[in-house]
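One-letter residues, chain by chain:
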Amino acid sequence: MKIAYLILCHRDPGQVSSLISSLDTPDTSFYIHIDRKCPDFAVQEKNNIYVIPYRLREEIKWASKEMVIATLKLIKAALDSPVQYDYIFLLSGQDYPLKSNADIITYLAANKGANYIEMISHDDPMYMRYRKRCDIFYPRFVLSSRKLLNGCKRLLIELTGGYTHTFRWAARRSPYNTTFEFGSQWWCLTEECLKWIYNYIEEHRLILDYFDHANVPDECLFQTVFAMSPYSSTRLDKLTYVDWDKTRRHPRILTSSDLRTLLNSGRLFARKFDCSIDSDITSMLEKERRRL
């Protein structure tokens, strides 16, 4: 089985190299996007490791469209390859596998043709909060993690109807009467499904332009287009374990104390790891993977 890993990274080249080494087999390829803000970040290229050239990299801003553009560049690189992949994963540089490479292949083969992408149910109480990310026009300057600008964004949300409602005068008209879907940024899709999604976006540029002024589009665009695709009935849940700390805006950093939880999660990958906080957890996971 041929697998491509698309990796978005912005810190700790050593940790990214460990991630690549843990997944490197004769049947895997890696496509790497390094944040343009990190010119000294280096990943060694090989026959199966391609790094987006510096001149083509995006300077990724939190909650903004640059993350989507960087992902699309990775997708194009993989689709342009002469290799035909069975599955293409989107990972971050702070992910790590929970299963051996053999187990990853066995899992995917057992569900061949399935596409793994999270989509929040429209009946979920959180769905309307997610909808707010797309329903109104967000000036680019408020799409920031800085406290002052985040306060401006909260004020904008309240003035336009609050987190679960949008006044009619403030609602944007979606392109092509699109129904927006939401879920985790991290997915695993078949090459034919991902090719359909990529081609749709290329042919319907208004949907991509719409996300210039949406909040966190990387957790919306791919779910939205997937739902319109002929592959929508093949969906299974995401394969990456993430522990969202409700007191913060980012996933909790996983440490050695999480080992049993991770191994029992049933997922193939997990995030978020930070070797500057706990360098033992990935080593412990690697020992467990070798035992499998």
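Residues numbered from 1 in each chain as written. Predicted model: local features only at pLDDT ≥ 70, side-chain atom pairs only at ≥ 80, totals over all residues. Heavy atoms only, no water.

**Q** Tell me about the overall build of the chain, residues and numbers included.
**A** Counting its secondary structure elements, the chain contains 10 helices and 10 strands. Seen along its three principal axes, the alpha-carbon backbone of the chain occupies a region of about 60 × 40 × 40 Å. Within the chain, the fraction of its 292 residues that count as buried is 53%. For the chain, long-range pairs separated by at least 24 residues make up 75% of all intrachain contacts whose partners lie at least 6 apart in sequence. (Helix = DSSP H or I, 4+ residues; strand = E, 2+ residues; numbered from the N terminus. Buried < 20%, exposed > 50% of the residue type's maximum accessible area, 1.4 Å probe, protein only. Contact = heavy atoms within 4.5 Å.)

**Q** Can you lay out the nonpolar core for me, pointing to particular residues and giving the numbers?
**A** Grouped together as the largest cluster of nonpolar side chains are 47 residues, with contacts concentrated most on Leu 6, Leu 72, Ile 75 and Trp 187. Elements represented by at least two residues in this core include exactly strand S1 (3–9), helix H2 (66–80), strand S4 (87–92), helix H4 (127–135), helix H6 (191–203), helix H7 (205–210) and helix H8 (221–228). No other element matches the 10 residues that H2 contributes to this core. Here Trp 187 is in contact with Leu 6, Thr 71, Ile 75, Ile 88, Phe 89, Leu 90, Tyr 116, Ile 117, Leu 194 and Phe 222, once residues within four sequence places are set aside. (Core = buried A, V, L, I, M, F, W, Y, C linked by side-chain atoms within 4.5 Å.)

**Q** An account of the sheet that holds strand S5 (residues 95–97) is requested, with residue identities and associated values reported.
**A** Reading across the sheet, the three strands line up as S5-S10-S9 and stay open at both edges, with mixed pairing between neighbours. Looking at which strands have only one partner, the edges of the open sheet turn out to be S5 and strand S9 (240–242). Strand after strand, the sheet turns through a mean of 25° between neighbouring axes, direction not considered. Bridge count for S5 against strand S10 (residues 269–271) is three bridges, and the pairing is antiparallel. Pairing of Asp 95 across the sheet is with Arg 271, part of S10. On the sheet, helix H1 (residues 13–23) packs against S5 and S10 and is oriented at approximately 25° with respect to S5. (Pairing = 2+ DSSP bridges. Axes fitted to C-alpha atoms, helices over the stretch in contact; angles between N-to-C directions.)

**Q** An account of the pattern of salt bridges is requested, with residue identities and associated values reported.
**A** Within this structure, the stated rule accounts for 20 salt bridges. We note a salt bridge from Glu 202 to Arg 205, for which the minimum N-O separation is 2.7 Å. For Arg 205, a relative accessible area of 38% puts it in the partly exposed group. Connected via shared salt-bridge partners are Asp 243, Arg 252 and Asp 258. (Salt bridge = Lys/Arg side-chain N within 4 Å of Asp/Glu carboxyl O.)

**Q** I'd love a proper account of unusual backbone geometry, names of residues and values included.
**A** The residue Asp 12 is not glycine, and still its phi comes out positive at about 50°. For Asp 12, the location among the structural elements is in the loop between S1 and H1. Although it is not a glycine, Tyr 176 adopts a positive phi angle of roughly 60°. On the secondary structure map, Tyr 176 appears in the loop between helix H5 (147–159) and strand S7 (188–190).

**Q** Run through the packing of aromatic side chains, naming residues and quoting values.
**A** Overall, the coordinates contain 17 aromatic pairs when judged by the stated rule. On the basis of an interplanar angle of 65° and a centroid distance of 6.0 Å, the ring pair of Tyr 5 and Phe 269 is categorised as edge-to-face. Pair noted here: Tyr 5 is in strand S1 and Phe 269 is in strand S10, with a separation of 264 residues, a long-range link. Both residues of the pair, Tyr 5 and Phe 269, count as buried. Both rings, one in Phe 180 and one in Phe 211, keep their centres 5.9 Å apart while their planes meet at 75°; by these two values the pair is edge-to-face. Taken together, the residues span a long stretch of sequence, with Phe 180 in the loop between H5 and S7 and Phe 211 in the loop between H7 and H8 at a distance of 31 residues. Assigned by exposure class, Phe 180 and Phe 211 land together as buried. (Phe/Tyr/Trp six-rings, centres within 6.5 Å; stacked < 30°, edge-to-face > 60°.)

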